[in-house]
Amino acid sequence: MFFALDVAFLLSMAGMPFVADSLGQAIIDVLPGWISIPLIEALHEWAKILLIVGVVALFLIDGAATGALAASRRRTPTVLGVGLLPWVAAFVLARIFSPQRIEPVTSLIDAAVGVAVFLAALAFILPSALDRSSETEPASPSRRRALLGTAAIAAAIAIVSLPLSRIAAVGSGGLGNIAMAARRLRSRADIPAPDPAVDALPGITPRITTNENHYVVDTTLVKPRVLIDEWRLEIKGLVQSPFSLTYDQLLDLDAVEQIHTLECISNYVGGDLISTALWTGVPLRDLLDRAQVKTGAYDVAFTSVDGYTDSIPIAKAMEDRTLVAYLMNGKTVPQDHGYPARMLVPNIYGMKNVKWIRTIEVVNYDFIGYWQQQGWSDSANINTNARIDLPGRNARWTGGTIPVAGIAFAGARGISKVELSSDGGKSWGQATLEAAMGPLSWRRWSYEWTPNGAGTTKLIVRATDGSGNAETPIARSPYPDGSTGYDSVDVTVQRG
């Protein structure tokens, strides 16, 4: 079974959903919110990893059970039924519960190849297993023939499905992250130079996150692989003139650049689910103006290629900094981040910045998206937050000061002040702020801290947004409106 999973995984490199991912995705989509949300809260990014480990373990347990049955005197149909069970379940359950996320033909091929490899391998090792057992009967030729015959049928299914799968097209259709310049750039982002002193601090967060290091959170185990020649962006709903755009037509529209920080609503205080990039895209307002929104519009609903949904109010959609983005740091948006295009919405947590965007629909009601159905915030406004990047848990002190630095973010409200306390919040010292890269970006801050001596000290940071509202000290977990509270770190100061 391990060998069969290995082959199925290698096959998934050609653009097919790995069979364990297919089953895992079905489990994700069928789980109710009262189960999935506590698991996400408890496990964070480990939730998906442990799910796949669990699914693979189920396959291996089934393999052991099938082997035990094959080496016993159980009827051959029972052996075949148990052996086929996880492979068939992965395909069928994905078709039932995740039809938009798991492509049917390629998932069938991956499962069929896995079945063929598993049963063929079992047929070849069965005689040896029987010879080593306590049974005196020789290996059953009919059982071997049944295993090999079923394996041949599975292989035939994979081969017959191959021409329908367009694997070559999917694999070579372009997954983004390719250097490209905007064809018609209306405005360029004016980014101030970084502070060299802040840049030189060991452990400080880079001002702009590389595409490879940008955080990734989504609801799918199998990333959509878009055929760019077939992709269309539809603008429809409560509009006078609905229309659709090809990728090439989208690139031909006037575009703008903007520095934009994205933060996940499930980011904990001091967490790393926050990143900043230079994005290029078309203002959503331009598309809606072309479509001519009718009176009575309430929300703009977004649907991704894999069926994920969310929405924003019509007023938010008409803001000039709400974009349909297709470039990220001078490259086509990578597959993990929404290739070929994604939404960027100011002042709102990442879950509403829909990736792999397929349709934009104006509606006259309060549209309830995927995560809102699970109880998460609908407004999802970003809470003011600050993070300490350095020093770490241990700091060498030779006298003088120790640099303390990090980032602060408050969405479109900006950051006006960051303060640090080393006495449990009794007193606060004001940090130095680096120039903001733009109205939607985080700000790096630094502070020269003078310890009272060797020993352990708790450093606490707080931020004030551009409207003058200070970050709340009340600690709250991410569900349902995003985490709040002050970030802190216990630093052990050592002389020398």
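The coordinates are above.
Since the model is a prediction, treat every value here as computed from it, not as a measurement. (Residues numbered from 1 in each chain as written. Predicted model: local features only at pLDDT ≥ 70, side-chain atom pairs only at ≥ 80, totals over all residues. Heavy atoms only, no water.)

## Examining the environment of V269
Alright, step 1. Tracing the backbone through its elements, the reader meets V269 in the loop between β4 (255-263) and β5 (274-283).
Alright, step 2. Residue classification places V269 among the partly exposed residues on the basis of a relative accessible area of 31%.
Alright, step 3. Beyond its immediate sequence surroundings of up to four residues, V269 is in contact with S483, T484, G485, Y486 and D487. (Helix = DSSP H or I, 4+ residues; strand = E, 2+ residues; numbered from the N terminus. Buried < 20%, exposed > 50% of the residue type's maximum accessible area, 1.4 Å probe, protein only. Contact = heavy atoms within 4.5 Å.)

## A word on the sheet that holds strand β6 (residues 299-304)
Alright, step 1. The strand order β3-β2-β11-β6-β7 describes an open sheet built from 5 strands, whose pairing is mixed. Since the sheet does not close on itself, it has two edges, and those belong to β3 (243-245) and β7 (309-313), each with one partner. Looking at each pair of strands side by side, their axes are set apart by 20° on average, direction ignored.
Alright, step 2. Running over the sheet, helix α11 (residues 284-291) touches β2 (233-237), β3, β6 and β11 (357-363) and is turned about 140° from β3. (Pairing = 2+ DSSP bridges. Axes fitted to C-alpha atoms, helices over the stretch in contact; angles between N-to-C directions.)

## Considering empty space enclosed by the protein
Alright, step 1. For the structure on display, the rule yields 1 cavity of 30 Å³ or more.
Alright, step 2. Counted as a void, the largest cavity has a volume near 150 Å³.
Alright, step 3. If you go around the largest cavity, you meet 23 residues; those closest to its centre are E263, N267, Y268, G270 and N385.
Alright, step 4. Looking at the lining of the largest cavity, the elements that each hand over two or more residues are β12 (385-390) and β14 (402-409). (1 Å grid on protein atoms, 1.4 Å probe; cavity = no way out; pocket = protein on both sides within 12 Å on 5 of 7 lines; lining within 4 Å. Points joined across faces, edges and corners; volume = space filled by probe spheres on them.)

## Re a nonpolar patch on the surface
Alright, step 1. A cluster of nonpolar side chains, contributed by V30, V88, V92, L93, I96 and F97, occupies part of the molecular surface with about 460 Å² of accessible area.
Alright, step 2. For the nonpolar patch, the leading source of residues is helix α5 (residues 76-97), giving 5 residues.
Alright, step 3. Examined against the element boundaries, V92 turns out to sit in helix α5. (Patch = residues over 30% accessible without salt bridge, like charges linked within 9 Å, V, L, I, M, F, W, Y side chains within 5 Å. Areas by Shrake-Rupley, 256 points an atom, 1.4 Å probe, with all protein chains shown as cover. Salt bridge = Lys/Arg side-chain N within 4 Å of Asp/Glu carboxyl O.)

## Let's talk about the side chain of T150
Alright, step 1. Looking at the element boundaries, T150 is found in helix α7 (residues 141-165).
Alright, step 2. Here T150 falls in the buried class, since its relative accessible area comes to 17%.
Alright, step 3. Excluding residues that lie within four positions of it along the chain, T150 makes contacts with L80, L84 and L119.

Keep in mind that these numbers describe shape and distance, not what the molecule does.
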